[in-house]
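These are the residues of each chain, in order.
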Amino acid sequence: MIQKQEIIMAALNGKSQRAIAREFGIGHNTVRRYIKQYYASREKLIATNPQSEDFPLIIQQVVEKPKYDTSSQSKTKLTPEVMHKI
């Protein structure tokens, strides 16, 4: 989760999305998604409280774990067939 915060802060400091992606070794679409989530959360916070510019709160909301339950999802096993395809 700290990586998301660092990515958002790098973007806010003017670093390009592609440069951030290279620096963190992730796809530029992932960087774009994190930044988009940040701005969506920021707009929502400002809409509910126009005086607020609480950037740490916004970033915290973006990096929180998902609120949906993943416990019922089945795990995928790495089988010899899968290894062969890889």
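Residues numbered from 1 in each chain as written. Predicted model: local features only at pLDDT ≥ 70, side-chain atom pairs only at ≥ 80, totals over all residues. Heavy atoms only, no water.

## Topic: the overall build of the chain
Thinking step 1. Secondary structure assignment for the chain yields 5 helices and 0 strands.
Thinking step 2. Secondary structure elements of the chain occur, N-terminal to C-terminal, as α-α-α-α-α.
Thinking step 3. Buried positions account for 24% of the 86 residues belonging to the chain.
Thinking step 4. In the chain, of all internal contacts separated by at least 6 residues, the share reaching a separation of at least 24 is 39%.
Thinking step 5. For the chain, the computed accessible surface area is about 6,900 Å², with 54% contributed by carbon and sulfur atoms. (Helix = DSSP H or I, 4+ residues; strand = E, 2+ residues; numbered from the N terminus. Buried < 20%, exposed > 50% of the residue type's maximum accessible area, 1.4 Å probe, protein only. Contact = heavy atoms within 4.5 Å. Areas by Shrake-Rupley, 256 points an atom, 1.4 Å probe, with all protein chains shown as cover.)

## A few points about the pattern of salt bridges
Thinking step 1. Applying the stated criterion to the full structure yields 1 salt bridge.
Thinking step 2. With its nearest N and O atoms 2.4 Å apart, the salt bridge here joins Lys15 to Glu23.
Thinking step 3. The exposure class assigned to Lys15 is partly exposed, which follows from its relative accessible area of 39%.
Thinking step 4. Take Glu23: its relative accessible area is 46%, and that puts it in the partly exposed class. (Salt bridge = Lys/Arg side-chain N within 4 Å of Asp/Glu carboxyl O.)

## Observations concerning the packing of aromatic side chains
Thinking step 1. Applying the stated rule across the entire model yields 1 aromatic pair.
Thinking step 2. With a centroid separation of 5.0 Å and an interplanar angle of 75°, the aromatic rings of Tyr38 and Tyr39 are classed as edge-to-face.
Thinking step 3. Residue classification places Tyr38 among the buried positions, given a relative accessible area of 1%. (Phe/Tyr/Trp six-rings, centres within 6.5 Å; stacked < 30°, edge-to-face > 60°.)

## With respect to helix H1 (residues 2–12)
Thinking step 1. Buried residues of H1: Lys4, Ile7, Ile8 and Ala10, and no others. Here the buried residues of H1 occupy an arc of 160° about the axis, which is enough to place them on one side.
Thinking step 2. Where H1 terminates, the next one or two residues include Gly14, which has phi positive at roughly 95°. (Arc of directions from axis to C-beta.)

## Observations regarding the confidence of the model for the chain
Thinking step 1. Residues at a pLDDT of 70 or more form 72% of the chain, whose mean pLDDT is 79.
Thinking step 2. Of all the helices and strands in the chain, helix H4 (residues 55–63) carries the lowest mean pLDDT, 65, while helix H2 (residues 17–24) carries the highest, 94. (pLDDT = per-residue confidence, 0-100.)

## Description of a nonpolar patch on the surface
Thinking step 1. A contiguous nonpolar surface patch, about 430 Å² in accessible area, is contributed by Leu78, Val82, Met83 and Ile86.
Thinking step 2. Within the secondary structure layout, Ile86 lies in the segment after helix H5 (80–85). (Patch = residues over 30% accessible without salt bridge, like charges linked within 9 Å, V, L, I, M, F, W, Y side chains within 5 Å.)

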